[in-house]
Amino acid sequence: MTEQQLHIALHSGRLFKDDVDQLVDKLILQPNMVGPLLKEVLNEEKEGTYNASWTFRHLIEKKLDYLLPFFDDFTEILGNLTSESTIRAMACVCEMVCVAYFKKKDPAFQKNISDEQLERIMTACFDWLISEMNMAPKVFSMTSLYYLGQKFDWVHPELRQVLEDSYASGSTGYQNRAKKTLDKLAQIGR
């Protein structure tokens, strides 16, 4: 698949789950296409279409390590995103990265991801958590921030404060996830 073919596939109308799966199956064979796909995510963010972000998320879910050569670009764009649909997909990818780095202790991630890149994820996740948006990006952000707090001491107290302050006004789903996160923080004495 060429960049032009990728562009056409992403801009030929709304992609349904089967279409995304077929596109991801092609992209799995071409890890070098993650960069062009990430550029498409940025372009679509401005246009208000989300085929690229959905495809990106599903590709990275299957092949998380494909993100590593493009990780700096990925973390650079996080703070510039405004569309909830794009943010949702990217927040999910952030959560996958944090799980690989902190929970699974994947050497490829621990070796190739800098503290500066983790801080960009952290900043974006805090921004998404305190902003007025739907539940999914907030849930992914809570999880990412919980893990990031294992490396950055100040994160857990800030996360706890945000969750305690926003708990009462959150949706039922938000309250459930916030409670689980607060319970985890209590278990580790944070």
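Here's what I pulled together on the structure shown here. (Residues numbered from 1 in each chain as written. Predicted model: local features only at pLDDT ≥ 70, side-chain atom pairs only at ≥ 80, totals over all residues. Heavy atoms only, no water.)

A count of helical and extended segments in the protein chain gives 11 helices and 0 strands. N-terminal to C-terminal, the α/β element order of the protein chain is α-α-α-α-α-α-α-α-α-α-α. Over its C-alpha trace the protein chain gives a radius of gyration of 17 Å, about what one expects of a compact globule, namely 16 Å for 190 residues. Projected onto its principal axes, the C-alpha positions of the protein chain cover 50 × 35 × 25 Å. Across the 190 residues in the protein chain, those meeting the buried criterion constitute 49%. By sequence separation, contacts in the protein chain at least 24 residues apart represent 69% of the contacts at least 6 residues apart. If you sum the accessible surface of the protein chain, you get close to 9600 Å²; carbon and sulfur atoms cover 48% of it. Within the protein chain, one finds 22 positive and 27 negative side-chain charges whose respective centroids are separated by 7 Å. (Helix = DSSP H or I, 4+ residues; strand = E, 2+ residues; numbered from the N terminus. Rg over C-alpha atoms; globule rule 2.2 N^0.38 Å. Buried < 20%, exposed > 50% of the residue type's maximum accessible area, 1.4 Å probe, protein only. Contact = heavy atoms within 4.5 Å. Areas by Shrake-Rupley, 256 points an atom, 1.4 Å probe, with all protein chains shown as cover. Lys, Arg positive; Asp, Glu negative; His and termini not counted. Charge placed at Lys NZ, Arg CZ, Asp CG, Glu CD.)

A separate point is the packing of helix H9 (residues 135–148) against helix H11 (residues 172–187). Orientation of H9 relative to H11, taken along the N-to-C sense of each, is 5 degrees, at an axis distance of 10 Å. When the axes of H9 and H11 are compared, the pair comes out roughly parallel. Where H9 abuts H11, its residues Met-135, Lys-138, Val-139, Met-142, Thr-143 and Tyr-146 lie against Gly-173, Tyr-174, Arg-177, Ala-178, Thr-181, Lys-184 and Leu-185. The residue inventory of the contact of H9 with H11, partitioned by class, reads 7 nonpolar, 3 polar and 3 charged. (Axes fitted to C-alpha atoms, helices over the stretch in contact; angles between N-to-C directions. Parallel < 35°, antiparallel > 145°, perpendicular 65-115°, else oblique. Nonpolar A, V, L, I, M, F, W, Y, C, P; charged D, E, K, R; others polar.)

Here we take up the environment of Ser-169. Inspection of the secondary structure puts Ser-169 in the loop between helix H10 (155–166) and H11. A relative accessible area of 65% means that Ser-169 is categorised as exposed. Of note is the side chain of Ser-169, whose polar atom sits 3.2 Å from the backbone oxygen of Ser-166. (Polar contact = N/O pair within 3.5 Å; in protein donor to acceptor, adjacent residues only side chain to side chain.)

Attention now moves to the side chain of Ser-166. Assignment of secondary structure puts Ser-166 in helix H10. On the accessibility criterion, Ser-166 (18% relative accessible area) is buried. For Ser-166, the side chain forms a polar contact with the side chain of Tyr-174, separated by 2.5 Å.

With that settled, consider the pattern of salt bridges. Evaluation of the coordinates by the stated rule reveals 8 salt bridges. Its salt-bridge partner being Lys-62, residue Asp-25 comes within 3.7 Å of it at the nearest N-O pair. Of this pair, Asp-25 sits in helix H2 (residues 17–27) while Lys-62 sits in helix H4 (residues 51–62); the two residues are 37 residues apart in sequence, bridging distant segments of the chain. Here the salt bridges share partners, and the residues they tie into one network are Asp-72, Glu-76, Glu-116 and Arg-120. (Salt bridge = Lys/Arg side-chain N within 4 Å of Asp/Glu carboxyl O.)

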